[in-house]
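Here's the letter readout for the chains.
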Amino acid sequence: MLLPRRLCRIKYSIVSGMSFLFLPSMLLASQFSSLFETTLTTDHQYLNKLYTEHSVQDATAINRAKFFPTIGAYGSYTKASQMPLSLSYGLTISQSIINFNNIFNQASADENKRAAFYNMLSAWQDLAARFSSAYFSMGAQQAGLLLDQQSLKLDNKITAITTFRYHAGQITHADMDTAKLNALSDQAQVIADQAKMVQAKTALTLITAQEATTVPALSVHFKLVAPKPNQYSQWQQLALHQNPLLRADWFHTQSLHSALSAINSTYLPTVDANLNYANGQYDASGHNVHNSSWTGALNLNMP
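Residues numbered from 1 in each chain as written. Predicted model: local features only at pLDDT ≥ 70, side-chain atom pairs only at ≥ 80, totals over all residues. Heavy atoms only, no water.

Q: What am I meant to see in the overall build of the protein here?
A: Of regular secondary structure, the protein possesses seven helices and four strands. Taking all 303 residues of the protein together, the buried fraction comes to 27%. Partitioning the contacts of the protein with sequence separation of at least 6, the portion at a separation of at least 24 is 75%. Of the accessible surface of the protein, which amounts to about 19300 Å², a share of 60% is contributed by carbon and sulfur atoms. (Helix = DSSP H or I, 4+ residues; strand = E, 2+ residues; numbered from the N terminus. Buried < 20%, exposed > 50% of the residue type's maximum accessible area, 1.4 Å probe, protein only. Contact = heavy atoms within 4.5 Å. Areas by Shrake-Rupley, 256 points an atom, 1.4 Å probe, with all protein chains shown as cover.)

Here you go:
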């Protein structure tokens, strides 16, 4: 399943928290979770946000590499006729000590990463809502169709009994017509339910990218549990705090502030440290000369 590990801990609490918006019989749908997890691997809207978050994470890691030291090596060897032997090699280590541009760029990248995560979480929640609605809509249409089919069978029996009683002279022709009208009404309802069933099945198939057949039977025997908190203001504060799109926009705004600071920081000084090791060997007048040295420097760069 394409779901970040840090999201696994909260995904079921989100689904259970919003289950009251659909049907409390969600717990009876044993295949709900497995089908939804399969849907996570096919929904292009969610996958687009997920892979975007992965890309932003990689970009953030690349940006963080500016704080690591860099190591360089060099070497040369020369030996030719009528020319003395020359051999040299060295190692250079550089480390940025103070660079405000790198600091603010890293802050901007971190905030972009958080914004990408909450955009992905919003896409996950949107998919969960669309999938839940389609899944239980199909279950409701399936149950309604079954009940109307049973009602039609009962009306057909009543019509047969009514016809018998009419021929026996126990009821009037109007009573028989009423029974037939009820049967025709139920027949029309069954046809309408079949059309709605096809629509619900198509909607679920489009979301899951799988051929929808049936879903577990929904039960009317359920216990309604009032969601908590039960105060409107508490729900409002909870939504403002947990709404992923709001949090994504907030982090994006912070990222823009950091990016502006990074631009302004180009006018600030930078401090770098350098360490160099050099080793050389060459022939001079038949004598082998060997030199090695260590040098270090702390560079202050003013714009």
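Q: Quick question: what am I supposed to make of helix 2 (residues 32-39) here?
A: For an α-helix the count is 3.6 residues per turn, leaving residues at separations of three or four pointing the same way. If you check which residues of helix 2 are buried, you get F32, L35, F36 and T39. Seen end-on, helix 2 carries its buried residues on one side only, within an arc spanning 100 degrees. (Arc of directions from axis to C-beta.)

Q: Help me understand the environment of A61, please; the structure alone is not making it clear to me.
A: Its place among the elements puts A61 in helix 3 (residues 44-64). In this structure the C-alpha to C-alpha distance between A61 and A109, which are 48 residues apart in sequence, comes to 8.9 Å.

Q: It is not clear to me how the packing of helix 2 against helix 4 (residues 100-167) should be interpreted in this structure. Could you clarify?
A: It is at 11 Å that the axes of helix 2 and helix 4 come closest, and there the two elements cross at 130 degrees. On the basis of their axis angle, the class for helix 2 and helix 4 is oblique. Crossing of helix 2 over helix 4 shows right-handed handedness. Where helix 2 approaches helix 4, its residues F32, L35, F36 and T39 are matched on the opposing element by W124, L127, A128, F131, S132, Y135 and F136. Of the residues contributing to the contact of helix 2 with helix 4, the split by class is nine nonpolar, two polar and no charged. (Axes fitted to C-alpha atoms, helices over the stretch in contact; angles between N-to-C directions. Parallel < 35°, antiparallel > 145°, perpendicular 65-115°, else oblique. Left-handed = near helix turned anticlockwise from the far one by under 90°. Nonpolar A, V, L, I, M, F, W, Y, C, P; charged D, E, K, R; others polar.)

Q: Would you mind showing me how to read the packing of aromatic side chains here?
A: For any pair of aromatic rings, the description rests on two quantities: the centre-to-centre distance and the angle between the ring planes. Enumeration according to the criterion identifies seven aromatic pairs in this entry. Their ring planes at 40 degrees and their centres at 4.7 Å tell us that Y277 and W294 sit as a pair that is tilted. With Y277 in strand 3 (residues 270-284) and W294 in strand 4 (residues 287-301), this residue pair connects regions lying 17 residues apart in the sequence. An aromatic cluster of three or more residues is present, and its members are F36, W124, F131 and Y135. (Phe/Tyr/Trp six-rings, centres within 6.5 Å; stacked < 30°, edge-to-face > 60°.)

So far we have only geometry, and geometry alone does not tell us how the molecule works.
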